Amino acid sequence: MTYAGDITPQAAWELLSRNPEAVLVDVRTRAEWQYVGVPDTSAIDRPTHLIEWVGYPDGARNTNFVDELKAAGMDGDRPVVFLCRSGQRSIGAAEAATAAGIGPSYNVLDGFEGATDADGHRGATGWRAVGLPWRQS
């Protein structure tokens, strides 16, 4: 594995709550943040960092991703938890961060909304489904 590992949404929240150095980075697109919602880490007195892994609507990889992480204060040895919609894009983000010496970097399994179910709907798994704090803009 080229990053620290995959963790459940609950384990991510526990890590963020226990370790004041740990940070959460939501790597979804601006459209997802605006229309679907974002994790709310205000209860543990820290921001959720919003840094796109890929852009919308073109889907092109954000070539400034690592620079944006560093500009947000992520460098060296501090846990970074990456979250996307279903736990796929965040793997690439965790790998890129690890390669840049940022971490340990973790991927949140099932992401914010989880994979689609048999009816093509999301929301049965992930950050929101387990009742972790979130908000809509």
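Conventions adopted
All residue numbers refer to position in the chain's written sequence, counted from 1. Only residues with pLDDT of 70 or above have their local features reported here, since the model is predicted, and side-chain atom pairs are shown and tallied only from 80 upward, although totals for entire chains, interfaces and linings are computed over all residues. Side-chain metrics rest on all non-hydrogen atoms present in the structure, leaving aside hydrogens and water. One bridge is not enough; two strands pair if DSSP finds at least two bridges between them. Only DSSP runs of H or I reaching four residues or more are called helices, and only runs of E reaching two or more are called strands; each is numbered from the N terminus. Angular values range over 0 to 180 degrees, each being the angle between N-to-C directions of two axes fitted as lines to C-alpha atoms, with helices fitted over their stretch in contact. We call two residues in contact when some of their heavy atoms are within 4.5 Å. Pairing of aromatic rings covers Phe, Tyr and Trp, the last counted by its six-membered ring, and requires centre-to-centre distances within 6.5 Å; plane angles under 30 degrees mean stacked, over 60 mean edge-to-face, and any other angle means tilted. Exposed residues in this analysis have more than 50% of their type's maximum accessible area, buried residues have under 20%, and partly exposed residues fall in between, with area computed by a 1.4 Å probe over protein chains only.

Visitor: Honestly, the sheet that holds strand β2 (residues 23–26) in this entry has me stumped. Any pointers?
Guide: In any sheet, the strands associate via hydrogen bonds between backbone groups, in a parallel or an antiparallel arrangement. The five strands are arranged β1-β6-β5-β2-β4 in an open sheet whose pairing can be described as parallel. Looking at which strands have only one partner, the edges of the open sheet turn out to be β1 (5–7) and β4 (48–50). Ignoring strand direction, the axes of neighbouring strands in this sheet form an average angle of 35 degrees. Both β2 and β4 contribute to a ladder of three bridges, which runs parallel. For Leu24, the partnering residue across the bridge sits in β4 and is Thr48. Lying on the sheet, helix α1 (residues 9–18) is in contact with β1, β2, β5 (77–83) and β6 (103–108); it crosses β5 at an angle near 145 degrees. Lying over the sheet, helix α4 (residues 89–99) contacts β5 and β6, oriented at roughly 175 degrees with respect to β6.

Visitor: Where do I start with the packing of aromatic side chains in this structure?
Guide: Each pair of aromatic rings is reported with the distance of its centres and the angle of its planes. Considering all chains together, one arrives at four aromatic pairs under this definition. Here the aromatic rings of Phe112 and Trp134 are separated by 6.0 Å at their centres, their planes lie at 80 degrees, and the arrangement is edge-to-face. With Phe112 in the loop between β6 and β7 (134–135) and Trp134 in strand β7, this residue pair connects regions lying 22 residues apart in the sequence. Trp134 gets classed as partly exposed once you look at its relative accessible area, which sits at 34%.

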